[in-house]
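Descriptive structure summary
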Amino acid sequence: MIFTAILYVVINMSLIDLLAQHKTISLIGMTKNAGKTTVLNYLIEEYAKNSIRLGLTSIGRDGEDVDVVTFTPKPKIFVQAGTILATAEGLLKFCDISAKTLSETEFSTPLGQVVIVRAMSAGFVQLGGPSMVAQMAQLLPLLQGFGADKVIVDGAISRKSPASPQIADAVVLCTGAALSQNINEVIIQTRHVANILLLQTSPCSHFHINGALTDRFLLKLITSSENLRDKVIVANDASKILISKETHEKLRTKGGSLAVKHPINLVAICINPTSPKEAGFDAKQFLQQMRTAITDIPIFDVKNIDSIDSFVHP
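Thresholds applied
- Residues numbered from 1 in each chain as written.
- Predicted model: local features only at pLDDT ≥ 70, side-chain atom pairs only at ≥ 80, totals over all residues.
- Heavy atoms only, no water.
- Core = buried A, V, L, I, M, F, W, Y, C linked by side-chain atoms within 4.5 Å.
- Buried < 20%, exposed > 50% of the residue type's maximum accessible area, 1.4 Å probe, protein only.
- Helix = DSSP H or I, 4+ residues; strand = E, 2+ residues; numbered from the N terminus.
- Contact = heavy atoms within 4.5 Å.
- Pairing = 2+ DSSP bridges.
- Axes fitted to C-alpha atoms, helices over the stretch in contact; angles between N-to-C directions.
- Salt bridge = Lys/Arg side-chain N within 4 Å of Asp/Glu carboxyl O.
- Arc of directions from axis to C-beta.
- Polar contact = N/O pair within 3.5 Å; in protein donor to acceptor, adjacent residues only side chain to side chain.

This paragraph deals with the nonpolar core. The biggest cluster of nonpolar side chains holds 56 residues, and the ones touching the most others in it are Leu-197, Ile-241, Leu-258 and Ile-269. No other element matches helix α5 (residues 183–197), which puts 7 residues into this core. Ignoring anything within four residues of it in the chain, the contact list for Ile-241 reads Lys-160, Ile-196, Leu-199, Leu-213, Ala-235, Leu-258 and Val-260. Within the second largest apolar cluster, 34 residues are counted, among which are Leu-54, Leu-56, Cys-95 and Val-172.

In structure tokens, the structure reads:
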């Protein structure tokens, strides 16, 4: 009864409520067109209502009209005056804001040096920050130093690196119909990624992995003569664990498990029922099935929020 009551309270908190105490937020996606930019625009709009000054940057490029890889339409990023941006110098010509340069950084990208600017007017922007976690970890305090109350890092494609605890106090995972035309497959794959991101520390450390934990490495270990029963494989953090659901299941079948040295704070999953190339899913049905299958993480659809407010979590 107590657990049910607590779950009900958490689920009925808004995404803004869940992020209230966190200074740095990373948005990561399961695939392209998972809805990261839509969630970003939602957060920008909601924080503007409460006069919270944002700092924005991205690992990779975002904010363009058409995706430069898939050539599918993308939502643009609209910011308010006063927003602090860290973006590649070469992208400033695509921004329709008046910008005041605050600082030039030593971080370079294919689109030029990363500069920090203040938006002096509202308008559309393109973001392109450093691609390395260590560089991003150095950049975020600079944005805060120039007055950002919160900093949001927009991830790139399906990279998990922005979820690193070196960067984010809180992580939002975005998933949706662009991942698969099969709604059950989307749910299964999202559950797998959420399980990885939710991994915690362990008092045991039979195998410590300093770099990335991949399918290739783990399958080699699984098929070796090593007895994995009750053995714990520990990665530095969950952003370094790049294994498939099938490989994870094989490890568990052998009696092994995963843990991390530094946990990630996954606070929510946001879903996108639409797909740029396919029909997509019914919004209410998608939300209901996701919430039924994944009960330990709050799940939101920020685009259809008005039409699903009455949905009660099971």
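Here we have 3 strands laid out as an open sheet, ordered β12-β14-β16, and parallel in their pairing. In this open sheet, the two edge strands, each paired with only one partner strand, are β12 (207–209) and β16 (257–260). Recorded for the sheet is a direction-independent mean angle of 25° between the axes of neighbouring strands. Bridge analysis of strand β14 (residues 232–235) against β16 gives 4 bridges, and the strand direction is parallel. Across the sheet, the residue bridging to Val-232 is Ser-257, located in β16.

All chains considered together, the criterion is met by 6 salt bridges. Residue Lys-36 pairs with Asp-154 through a salt bridge whose shortest N-O separation is 3.4 Å. Here Lys-36 is found in helix α3 (residues 36–49), whereas its partner Asp-154 is found in strand β10 (residues 150–154), with 118 residues between them in sequence. You can call Asp-154 buried: its relative accessible area is 1%.

Attention now goes to helix α8 (residues 283–293). Within α8 the residues assigned to the buried category are Ala-283, Phe-286, Leu-287, Met-290 and Arg-291. Burial along α8 is one-sided: seen end-on, the buried residues are contained in an arc of 125°. Where α8 starts, the residue carrying a side-chain oxygen 3.3 Å from the main-chain nitrogen of Lys-284 turns out to be Asp-282.

Taken together, the buried positions of helix α6 (residues 215–222) are Leu-218, Leu-221 and Ile-222. Within α6, the buried residues cover an arc of 100° as seen down the axis, which keeps them to one side. Residues Arg-216 and Lys-220 are exposed on α6 and point more than 90 degrees away from its buried face. Looking at the buried positions of α6, the neighbouring elements they touch are β12, β13 (213–214), β14 and α7 (245–253).

Let us look at the sheet that holds strand β18 (residues 299–300). The strand order across the open sheet built from 9 strands is β6-β7-β5-β2-β10-β1-β11-β17-β18, with neighbouring strands paired in mixed fashion. The strands lining the two open edges of the sheet, one partner per strand, are β6 (99–109) and β18. With 2 bridges connecting them, strand β17 (residues 266–272) and β18 associate as parallel partners. Pairing of Cys-270 across the sheet is with Phe-300, part of β18. The strands that helix α4 (residues 133–145) touches are β1 (24–29), β2 (54–58), β5 (84–88), β6, β7 (112–119) and β10; relative to β2, the one it contacts most, it runs at about 155°.

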